[in-house]
Amino acid sequence: MSGRSQQTVLVTGASRGIGAAVILRLAADGCRLALSYRTDADAAQRIAASARDAGAEVALFQADIADPSQALTLPEQACAHFGSLDAVVANAGVTVDGPFVALTPAQVATVLRTNLSGTIRMVCAALPYLRRSRAAAIVLVSSLGGIAGKDGQVPYTASKGGVIGLCQWLGDRLGPEGIRVNAVAPGFIATDMTTQLDPEQMAPIIQASALRRVGSAEEVAHAVSFLLRPGYIQSTTLRIDGGFAR
Ligand code: NAD
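A brief look at the structure comes next. (Residues numbered from 1 in each chain as written. Predicted model: local features only at pLDDT ≥ 70, side-chain atom pairs only at ≥ 80, totals over all residues. Heavy atoms only, no water.)

**Digging into a nonpolar patch on the surface**
On the surface, F100, V101 and V154 cluster together into a nonpolar patch covering about 310 Å² of accessible area. For V154, the position within the fold is in helix α6 (residues 154–174). (Patch = residues over 30% accessible without salt bridge, like charges linked within 9 Å, V, L, I, M, F, W, Y side chains within 5 Å. Areas by Shrake-Rupley, 256 points an atom, 1.4 Å probe, with all protein chains shown as cover. Salt bridge = Lys/Arg side-chain N within 4 Å of Asp/Glu carboxyl O. Helix = DSSP H or I, 4+ residues; strand = E, 2+ residues; numbered from the N terminus.)

Here you go:
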């Protein structure tokens, strides 16, 4: 238990992968959890059940972050349920990979609408509630791709670079109000988003990491938990990449 029990945290994209690991980690920390998912209600229920087994109060909210009205109303729904909202973890994200010229405008738009516009809308909609909290925090999930770029992921890296800029701007703007804003930039983490890579594609990725391995969702969740705690870190994007060579 962290000593910050009953902090109410909204986590998007939380039915699997990094978001699910964040939910389980924050449940162990003693937080109350607004678990947001897009489509997989069964998976969301399973993660919620595990978090409840760990003693957490959990409520589920279905929302498509790429849909402007759903991104805007999600924080309000979470606050209406719990009576307060202290923190948000903007984790929901997608990638559509391929040479940029081969991607359709709709594919590019999906990535930008989800990772960037949806994140901005959801976080801005949470601000009125966070301003009422004495332990307000925002953690944005960016990516190493947003720092280093990545072949075949132009919309993704552009969107995640935008998230880093958003972190800097929000951090500067909200710091004087006592709202802490930081981001994480995971490198290669073993989740459903990355399991389609074959061993040949994996080898150079592992070789480029100083720790010579991929990361786990739990290791990202650990960093998110740390950044949600009160502290002197602001407007920072924390790389969780095993010491990637770029
Ligand atoms: P994942 O595909 O397992 O999880 C992504 C989650 O986001 C899913 O639950 C999905 O349903 C949700 N989501 C996607 N579009 C959504 C939408 N429009 N509305 C609501 N939810 C939506 O992948 P993950 O690896 O767990 O990714 C989580 C976050 O971490 C993403 O933002 C991703 O970009 C980022 N990230 C992942 C890696 C990695 O190597 N896995 C590296 C860097 C950053």
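**Details of the pattern of salt bridges**
A complete count under the given rule lists six salt bridges for this structure. A salt bridge links E177 to R131, with the shortest nitrogen-to-oxygen separation between them at 2.6 Å. Of the two residues, E177 is situated in the loop between α6 and β6 (180–186) and R131 in the loop between α4 (105–130) and β5 (137–141); the sequence distance between them amounts to 46 residues. Residue classification places E177 among the partly exposed residues on the basis of a relative accessible area of 41%. Residue class for R131 comes out partly exposed when judged on its relative accessible area of 45%. (Buried < 20%, exposed > 50% of the residue type's maximum accessible area, 1.4 Å probe, protein only.)

**Section: the site of the ligand**
Taken together, 28 residues surround the ligand, and among them R16, D64, N91, Y156 and T191 come closest. Contact distances for the ligand include 2.7 Å between an oxygen atom and a side-chain N or O atom of R16. Here an oxygen atom of the ligand and a backbone polar atom of N91 are 2.7 Å apart. Within the residue set of the shell around the ligand, elements represented by two or more residues are α1 (17–29) and α6. Among the residues making up the shell around the ligand, the classes are represented as 12 nonpolar, 11 polar and five charged. (Near = heavy atom within 4 Å. Polar contact = N/O pair within 3.5 Å; in protein donor to acceptor, adjacent residues only side chain to side chain. Nonpolar A, V, L, I, M, F, W, Y, C, P; charged D, E, K, R; others polar.)

**Section: the packing of α1 against helix α8 (residues 217–228)**
In the contact formed by α1 and α8, the axes pass within 8 Å of each other and the chain directions differ by 50°. Comparing their axes, α8 and α1 come out oblique. Here the hand of the crossing between α1 and α8 comes out right-handed. Of α8, the residues touching α1 (which contributes G17, I18, A21, V22, R25, L26 and D29) are A217, E218, V220, A221, H222, V224, S225 and L228. Class assignment of the residues belonging to the contact of α1 with α8 gives a composition of nine nonpolar, three polar and three charged. (Axes fitted to C-alpha atoms, helices over the stretch in contact; angles between N-to-C directions. Parallel < 35°, antiparallel > 145°, perpendicular 65-115°, else oblique. Left-handed = near helix turned anticlockwise from the far one by under 90°. Contact = heavy atoms within 4.5 Å.)

**What about the side chain of Q153?**
Along the chain, the position of Q153 falls in the loop between α5 (145–148) and α6. Not counting residues within four places of it along the chain, the set of residues in contact with Q153 comprises T95 and D97.

**With respect to the environment of T157**
Looking at the secondary structure, you find T157 in helix α6. Separated by 42 residues in the primary sequence, T157 and P199 place their C-alpha atoms 23 Å from one another. When near neighbours in sequence (up to four residues on either side) are disregarded, T157 contacts G145, G146, G149 and K150.

**Comments concerning the sheet that holds strand β3 (residues 58–62)**
Reading across from one edge, β3-β2-β1-β4-β5-β6-β7 is the order of the seven strands in this open sheet, with parallel pairing throughout. Every other strand in the sheet has two partners, leaving β3 and β7 (237–240) as the edge strands with one partner each. Across the sheet, the mean angle separating the axes of adjacent strands is 15° when strand polarity is ignored. The pairing of strand β4 (residues 87–90) with β5 spans four bridges and is parallel. Opposite A90, over in β5, you have L140 as the bridge partner. Sheet strands in contact with helix α3 (residues 68–82) are β1 (8–11), β2 (32–37) and β3, and its direction is about 155° off that of β3. (Pairing = 2+ DSSP bridges.)

**Some thoughts on the packing of α1 against helix α2 (residues 41–53)**
To characterise two packed helices, one gives the angle between the axes of the helices and the distance between these axes. As a packed pair, α1 and α2 sit with axes 8 Å apart at the nearest point and diverge in direction by 15°. By the angle between their axes, α1 is roughly parallel relative to α2. Where α1 crosses over α2, the handedness of that crossing is right-handed. Where α1 abuts α2, its residues A20, I23, L24 and A27 lie against I47, S50 and A51.

**A look at α2**
Over its 13 residues, α2 runs 18 Å from end to end, which matches the ideal 18 Å to within 8%, given 1.5 Å per residue. Considered for burial, the residues of α2 that qualify are A43, A44, I47, A48 and A51. One face of α2 carries all of its buried residues, which in axial projection span an arc of 135°. Every exposed residue of α2 that faces more than 90 degrees away from the buried side is listed here: D42, R46 and D53. (Expected span 1.5 Å × (residues − 1). Arc of directions from axis to C-beta.)

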